[in-house]
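# Summary of the model geometry
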Number of protein chains: 2
Amino acid sequence: MKHKTRSSCPICFSLELFGDKWSLLILRDIILFDKKHYHEFMDSSEGISTNILADRLQKLECAGLIKKKQNEENQKKFIYAPTDEALDLLPLLIEMTLWGVKHNPEIDASQAPPEFIKKMIKDRKRFIKNIRIKFK
Amino acid sequence: MKHKTRSSCPICFSLELFGDKWSLLILRDIILFDKKHYHEFMDSSEGISTNILADRLQKLECAGLIKKKQNEENQKKFIYAPTDEALDLLPLLIEMTLWGVKHNPEIDASQAPPEFIKKMIKDRKRFIKNIRIKFK
DNA sequence: CTGTATCCTTAGGGATACTG
DNA sequence: CAGTATCCCTAAGGATACAG
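Below is a summary of the structure that appears in this document. Just so you know, the residues in each chain are numbered from 1, in the order the chain's sequence is written. Just so you know, chain letters begin at A and ligand numbers begin at 1, following the order they were written in. A pLDDT threshold of at least 70 governs which residues receive local features in this predicted model, and a stricter bar of 80 or more applies before side-chain atom pairs are shown or counted, although totals over entire chains, interfaces and linings include all residues. The side-chain quantities take in all heavy atoms of the structure and omit both hydrogens and water.

## Section: the protein's contact with DNA strand C
We count it as follows: We call a residue near a molecule or strand as soon as one heavy atom of that residue lies within 4 Å of the molecule or strand. Identification of polar contacts relies on pairs of N or O atoms within 3.5 Å, with a donor-acceptor requirement for protein atoms, meaning one able to donate a hydrogen and the other able to accept it, and with residues adjacent in sequence counted only if both atoms are side-chain atoms. Runs of E in the DSSP output that reach at least two residues are strands. Runs of H or I that reach at least four are helices, and both are numbered from the N terminus. The classification used treats Ala, Val, Leu, Ile, Met, Phe, Trp, Tyr, Cys and Pro as nonpolar, Asp, Glu, Lys and Arg as charged, and all other residues, Gly among them, as polar.
The environment of DNA strand C is made up of 18 residues, and the closest members are A:Lys68, A:Tyr80, B:Lys21, B:Asn51 and B:Arg56. B:Lys21 is positioned with one of its side-chain polar atoms (N or O) 3.3 Å from a phosphate oxygen of DNA strand C. Contacts to DNA strand C include B:Asn51, whose side-chain N or O atom sits 2.6 Å from a base nitrogen. Contributions of two or more residues to the surface near DNA strand C are made by α3 (38-43), α4 (50-62) and β2 (78-82) of chain A together with α4 (50-62) of chain B. When residues in the surface near DNA strand C are grouped by element, the largest group, four residues, is from α4(B). Of the residues that constitute the surface near DNA strand C, the class distribution is six nonpolar, seven polar and five charged.

Here it is in structure tokens:
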């Protein structure tokens, strides 16, 4: 199942892999929020429905962005983890986060940003490195 | 016309403004490819249709990401330009470009990347600065 | 717990004709 | 040239029931 490419533009190529309504949020959950299990993605506040989640997990796996492994102890449990290609999206996720923080008028500038955002601002390289280490 | 927000996540917020099939490509055209006119967007190789383009231009304007001005000489000509908020997307566009270049298997690694990609790799800060100057 | 399988609705988008 | 206005269609997504 190859994806059709609208053009040779790298931005367009990227968008075709994770430029839909849900894929990047799942990647965010896996990479930034440490989520590993199906029910954890279901629990995200955006409220994805189960059929869509199953579909996106499969597509992301096909695209080589996530790996699915069985839990050793519990055969019924599956663990989702990011591939190296997905971890390469960290700078993109960071930029998108920073842009959102800066330009969302609903966010009260006086209120302190979440801890992980402070960390990614303070020392981005370290932030990325720590996450990479976690998934080694 | 306010946009509904699925969550308080900044990534989600960003995606709701330009996370569809076309918006970011239009922003790419305006910011990176120097396009200004309706017909130039129409000419992009992805082949957007005219009704969709009109719709996206309007939504991007509502979202405060582009400005529409009349051409002085020709009343019928309109010029589209990025706002400062849109120019703040430059790092994101760059990261997405780099990710796409790195992970698109169709791109022959032996073939040299386009000139503007070389520039954004070689000196990103300068690349961003030059574009910002252009739109001053 | 981790999904399938259905059913149904809607938004998004393509094609095309037309307009000042 | 820079769009509107329609029409139509499909893919995407929501709700829900159910299964191993």
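## Some thoughts on the interface of chain A and chain B
Selection criterion: The contact criterion used is simple: two residues touch if any of their non-hydrogen atoms lie within 4.5 Å. Buried surface area refers to the total accessible area, computed with a probe of radius 1.4 Å, that the two partners give up upon joining, counted for both partners together. Salt bridges are identified by distance alone: a Lys or Arg side-chain nitrogen within 4 Å of an Asp or Glu carboxyl oxygen.
Contacts between the two partners involve 41 residues from chain A, matched on the other side by 41 residues from chain B. Buried area between chain A and chain B, summed over both chains or domains, comes out near 3700 Å², and the portion from carbon and sulfur atoms is 69%. When the area that chain A buries against chain B is broken down by residue, the three leading residues are A:Arg6, A:Ile11 and A:Trp99, summing to 21%. Put simply, B:Lys102 and A:Asp88 hold a salt bridge, and the shortest N to O gap is 3.0 Å. The interface formed by chain A and chain B contains twelve residue pairs in polar contact (both at pLDDT 80 or more). Of all the elements in the fold, those that place two or more residues in the side of chain A that touches chain B are α1 (10-18), α2 (23-31) and α6 (90-103) of chain A.

## Considerations on the relation of the copies chain A and chain B
Going by this rule: The least-squares superposition of copies is restricted to C-alpha atoms, and to residues with a pLDDT of at least 70 in both copies.
Expressed as a screw transformation, the operator carrying chain A onto chain B has a rotation angle of 180 degrees and an axial translation of 0.0 Å, and the superposed copies differ by an RMSD of 0.0 Å. The transformation relating the two chain copies, once decomposed into turn and shift, fits a two-fold axis. Here 100% of the interface residues in chain A have copies in chain B that are interface residues too; the copies meet face to matching face.

## Considerations on the protein's contact with DNA strand D
Close contacts around DNA strand D come from 18 residues, with A:Asn51, A:Arg56, B:His39, B:Lys68 and B:Tyr80 the closest. Measuring from a phosphate oxygen of DNA strand D, one finds a side-chain N or O atom of B:His39 at 2.8 Å. One nitrogen or oxygen atom from the side chain of B:Lys68 is found 2.7 Å from a phosphate oxygen belonging to DNA strand D. For the surface near DNA strand D, the secondary-structure elements that each account for two or more residues are α4 of chain A together with α3 (38-43), α4 and β2 (78-82) of chain B. Considered class by class, the residues forming the surface near DNA strand D number six nonpolar, seven polar and five charged.

## Re helix α8 (residues 124-134) of chain B
Residue and element names in this part refer to chain B. Using the following cut-off: Only protein chains enter the calculation, and the probe is 1.4 Å; a residue is then buried if its accessible area is under 20% of its type maximum, exposed if over 50%, and partly exposed in between. Think of it as the arc spanned by the lines of direction from the helix axis to the C-beta atoms.
Within α8, the full set of buried residues consists of Phe127, Ile128 and Ile131. For α8, the angular spread of the buried residues around the axis is 95 degrees, confining them to a single face. Exposed residues on α8 whose side chains face more than 90 degrees from its buried face are Lys125, Arg126, Lys129 and Ile133. On its buried face, α8 sits against α2 (23-31), α5 (84-87), α6 (90-103) and α7 (115-122).

## Notes on the packing of α6(A) against α6(B)
As a reminder of what qualifies: Orientation is described by axes fitted as lines to C-alpha atoms, over the contacting stretch for helices, and by angles from 0 to 180 degrees between their N-to-C directions. For this classification, under 35 degrees means roughly parallel, over 145 means roughly antiparallel, 65 to 115 means roughly perpendicular, and everything else is oblique. We call a crossing left-handed when the near helix sits turned anticlockwise from the far one by less than a right angle, and right-handed when that turn is clockwise.
Following both chains from N to C, one finds α6(A) and α6(B) inclined at 160 degrees, their axes separated by 9 Å at the closest point. When the interaxial angle is binned, α6(A) and α6(B) end up roughly antiparallel. Between α6(A) and α6(B) lies a crossing whose hand is left-handed. Along the contact surface, α6(A) presents A:Pro91, A:Leu92, A:Glu95 and A:Met96, while α6(B) presents B:Pro91, B:Leu92, B:Glu95 and B:Met96. A class-by-class count of the residues in the contact of α6(A) with α6(B) yields six nonpolar, no polar and two charged.

## Regarding the environment of B:Glu72
Tracing the chain through its elements places B:Glu72 in the loop between β1 (66-70) and β2. For the pair B:Glu72 and B:Leu92, spaced 20 residues apart in the sequence, the C-alpha separation amounts to 33 Å.

## What to know about the packing of α6(B) against α7(B)
Residues and elements named next belong to chain B. The interhelical angle for the contact between α6 and α7, taken along N-to-C directions, is 110 degrees, at an axis separation of 11 Å. If you check the angle between α6 and α7, you find them roughly perpendicular. Helix-helix and strand crossings are classified by hand; for α6 and α7 the assignment is left-handed. Contact residues: α6 offers Ile94, Thr97, Leu98 and Val101, while α7 offers Ile117, Met120 and Ile121. The class makeup of the residues in the contact of α6 with α7 is six nonpolar, one polar and no charged.

Note that all results are geometric; they support no functional claim without further evidence.
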